[in-house]
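Report on the structure
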Amino acid sequence: MAQNAAIELKDVSLSFGSNEILTGIDMSVEPGEFVCVIGASGSGKTTLLRMIAGLLPPTTGAVLLHGKAVRSPTRRVAVVFQDYGRALLPWRRAYANVSLPLEASGMPANQRPARIRQLLAKVGLANHEDKFPGQLSGGMQQRLQIARSLAQEPDTLLMDEPFGALDAMTRQTLQDEVLRLVAERKTTVFFVTHDIEEALYLGDRVVALDSNPGRVAYDIKVPLPRPRDQLTTREHPEFLRLRREMFEIMNKIHA
Amino acid sequence: MKRFRVLDIVLGILGLLTLLWIWHLVTMLELIPRVFLPSPAATIAALEWGLVNGDLLPQTLATINRMIQGWLLASLVAIAVGSLIGVSAIARAYIQPTLEFLRPLPASAIIPVAISIFGLNSSMVLGVVVFGAVWPTLLGTIHGFAHVEPRLVEVSRLLQMSRWEFIYKIGLPNAVPDILAGMRLSLTVALILAVVGELLTAQEGLGTAVLHAARSYRAADLYAGILLLGLIGLVSNYGLAIADKRILAWKN
Ligand SMILES: Nc1ncnc2c1ncn2[C@@H]1O[C@H](COP(=O)(O)OP(=O)(O)OP(=O)(O)O)[C@@H](O)[C@H]1O
Ligand SMILES: [Mg+2]
């Protein structure tokens, strides 16, 4: 028997009232695969991610994780939101924010400190454990959210435009950190972005959504070597070719 | 942060001194007969005598005790009940209009009810203080729960947190600013009702002391009592403001 896909969407559609947002979505993500989803604003990327997370049931069709229908959220799946400022607990220090998933999963209190410090160190926040989220920069807050999501030891990571609000430098640094962190644990990643270059740089595959209603317009493999590198990957002839192709496709979709 | 700058404190003290000075002038020029308004010096002398030789100290403590007891009990009830109501949108919709009906009732209006239930004793006073002081904190708690950031509700669902975990890790901390604001309001209410309660039941306390002083035309003692009541309000409010600032450090 073939191995079950990490994420599988079978003829999924979603409507809010009479408003059809997504229609006929068929998609499958292999374990360990890094899939990027791009699409215009309002094409339903976030909605799709929320369905996979179990926060929103599909109107028709089925969402499966490792072959099992999703009914409600599970701690095997972690979500990183774009609006880190709202997703963190403002009254908890960085340390205690990372502690939250460990508490939820029932890790004994005496095992938590070492794990929390290890995670904070992984995202470069070792010296900021006593700061409240409000005292951290945007990039640091997003690092904190990433550390919190990793505390769940998820086998699937759903990221919704996680770097959309960050400056270009911070963005590149965090892209590489995420690549490194998910490669360590062979995590499956479903990564939503607006940015074609970001999608190509990170993904094994890029899925483009068409709007009104949202549906899969294009699903393309990215055969670029790993580990990726901000300079050589972005100058790779295949990267440039794919980038051109994607731009043309996106222009056609939005024409 | 900025509220407690030295300048603010100096200005505040100057304001109080101004009041004292006007009071001094009014009595010096005898704009109001001394029998009705004693001089600040006479009042402070009466205060000193009352605290050292008289019963003013135990009376003050009795009133503070009554106020704090009622306030703490009211706060506990308000936070517990408010959390249970606040955590459920259905419970909020169900009970909110009832609360809005009960809240504006002047606590003095329920005194007759309290007397018929408890009689003229200290339980009645406590009951009235609790009834009056419970609303600001109760409504604050419910408001805090109703306004949890939707993202954080999602985070709690993603982590499969139990309802109880949600209450004490997300709902309550989110409501803390509203709870503290409510508790500050209700402390003032508690002081007023503690005094009214003691007047009605003739129990030992500052309220009763003030009433007796007025009845026997001891103006200086009367104003000494009023001064103490004002001080209790001032000190407790500043104490809570400082506690606020420490507890809400994450907001700055
Ligand atoms: N809870 C909701 N109720 C009604 N309509 C909604 C709801 N959530 C999203 N929508 C609508 O669904 C459509 C898709 O929204 P969604 O947030 O998934 O888009 P998106 O692709 O993530 O856009 P963006 O790139 O701007 O984040 C939008 O038209 C939005 O108005
Ligand atoms: Mg979105």
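Conventions and cut-offs
Residues numbered from 1 in each chain as written. Chains lettered and ligands numbered in written order. Predicted model: local features only at pLDDT ≥ 70, side-chain atom pairs only at ≥ 80, totals over all residues. Heavy atoms only, no water. Helix = DSSP H or I, 4+ residues; strand = E, 2+ residues; numbered from the N terminus. Rg over C-alpha atoms; globule rule 2.2 N^0.38 Å. Buried < 20%, exposed > 50% of the residue type's maximum accessible area, 1.4 Å probe, protein only. Contact = heavy atoms within 4.5 Å. Areas by Shrake-Rupley, 256 points an atom, 1.4 Å probe, with all protein chains shown as cover. Lys, Arg positive; Asp, Glu negative; His and termini not counted. Charge placed at Lys NZ, Arg CZ, Asp CG, Glu CD. Expected span 1.5 Å × (residues − 1). Pairing = 2+ DSSP bridges. Axes fitted to C-alpha atoms, helices over the stretch in contact; angles between N-to-C directions. Domains from an automatic or database assignment. Buried area = accessible area lost by both parts, 1.4 Å probe. Polar contact = N/O pair within 3.5 Å; in protein donor to acceptor, adjacent residues only side chain to side chain. Nonpolar A, V, L, I, M, F, W, Y, C, P; charged D, E, K, R; others polar. Near = heavy atom within 4 Å.

Section: the overall build of chain A
The helix and strand tally for chain A stands at nine helices and 10 strands. Taken against the 2.2 N^0.38 rule, which gives 18 Å for 255 residues, the C-alpha radius of gyration of chain A at 18 Å falls within 12% of a compact globule. Principal-axis analysis of the C-alpha atoms places the extent of chain A at approximately 50 × 45 × 40 Å. Taken over 255 residues, chain A has a buried fraction of 54%. In chain A, 69% of the contacts between residues at least 6 apart in sequence involve partners at least 24 apart. Accessible area of chain A: about 11,100 Å², with a carbon and sulfur share of 50%. Taking the 31 positively charged and 29 negatively charged side chains of chain A as two groups, their mean positions are separated by 6 Å.

As for helix α5 (residues 138-151) of chain A
Residue and element names in this part refer to chain A. Between its terminal C-alpha atoms α5 stretches 20 Å, which fits the 20 Å expected from 14 residues at 1.5 Å a residue. Judged by how many residues are buried, α5 sits mostly within the fold: 13 of 14 residues are covered. E153 lies just past α5 and shows a positive phi near 45 degrees.

Overview of the sheet that holds strand β4 (residues 60-65) of chain A
All names here are of chain A. A sheet is described by the order of its strands in space; here four strands give the open sequence β2-β1-β4-β5, paired in antiparallel fashion. Lying at the two open borders of the sheet, with one neighbouring strand each, are β2 (19-29) and β5 (68-69). When strand β1 (residues 7-16) meets β2, the two strands line up antiparallel, connected through seven bridges. Looking at β2, one finds that E8 is bridged to S28. The sheet strands contacting helix α1 (residues 45-53) are β1, β2 and β4, and the helix crosses β1 at an angle near 120 degrees.

Some details on the pairing of strand β9 (residues 205-210) of chain A
Residues and elements named next belong to chain A. Most of β9 sits out of view: six of its six residues are buried. Of the two faces of β9, both are covered, the one formed by R205, V207 and L209 as well as the one formed by V206, A208 and D210. Two elements, strand β3 (residues 34-39) and β9, share five bridges in a ladder whose sense is parallel. Looking at the pairing, G39 lines up with L209 of β9. Here six bridges tie β9 to strand β10 (residues 215-221), and the two strands are oriented antiparallel to one another.

Section: the domain arrangement of chain B
Residue and element names in this part refer to chain B. By domain assignment, chain B separates into domain 1 (1-31) and domain 2 (40-251). For domain 1 and domain 2, the distance between their C-alpha centres works out to 27 Å. In this assembly, five residues from domain 1 lie in contact with seven residues from domain 2. Of the roughly 610 Å² buried between domain 1 and domain 2 on both sides combined, carbon and sulfur atoms contribute 87%. Put simply, domain 1 and domain 2 have zero residue pairs in polar contact (both at pLDDT 80 or more) between them. Class assignment of the residues belonging to the side of domain 1 that touches domain 2 gives a composition of three nonpolar, two polar and no charged.

A closer look at the site of ligand 1
All names here are of chain A. Around ligand 1, the neighbouring residues are F16, I21, A40, S41, G42, S43, G44, K45, T46, T47, E161 and H194. Contact distances for ligand 1 include 3.3 Å between an oxygen atom and a backbone N or O atom of S43. G44 is positioned with one of its backbone polar atoms (N or O) 3.0 Å from an oxygen atom of ligand 1. When the free accessible area of ligand 1 is taken as 630 Å², the share hidden by the protein chains comes to 56%.

Examining the sheet that holds β3 of chain A
Residues and elements named next belong to chain A. A sheet is described by the order of its strands in space; here six strands give the open sequence β6-β7-β8-β3-β9-β10, paired in mixed fashion. Each edge of the open sheet is held by one strand with a lone partner, namely β6 (77-80) and β10. The sheet shows a mean angle of 20 degrees between the axes of neighbouring strands, direction not considered. Lying on the sheet, helix α6 (residues 168-185) is in contact with β3, β7 (156-160) and β8 (188-193); it crosses β3 at an angle near 145 degrees. Taken strand by strand, helix α9 (residues 237-254) contacts β3, β9 and β10, and its axis lies near 170 degrees from that of β10.

Re unusual backbone geometry
Cis geometry is adopted by the peptide bond preceding P213 of chain A, which originates at N212 of chain A and carries an omega value of -10 degrees. Mapping P213 of chain A onto the fold places it in the loop between β9 and β10. P227 of chain A follows R226 of chain A through a cis peptide bond whose omega is -5 degrees. As for its position among the elements, P227 of chain A is in the loop between β10 and α8 (232-235). A positive phi is found at Q160 of chain B, a non-glycine position, where the angle reads about 55 degrees. For Q160 of chain B, the position within the fold is in the loop between α7 (150-158) and α8 (163-201).

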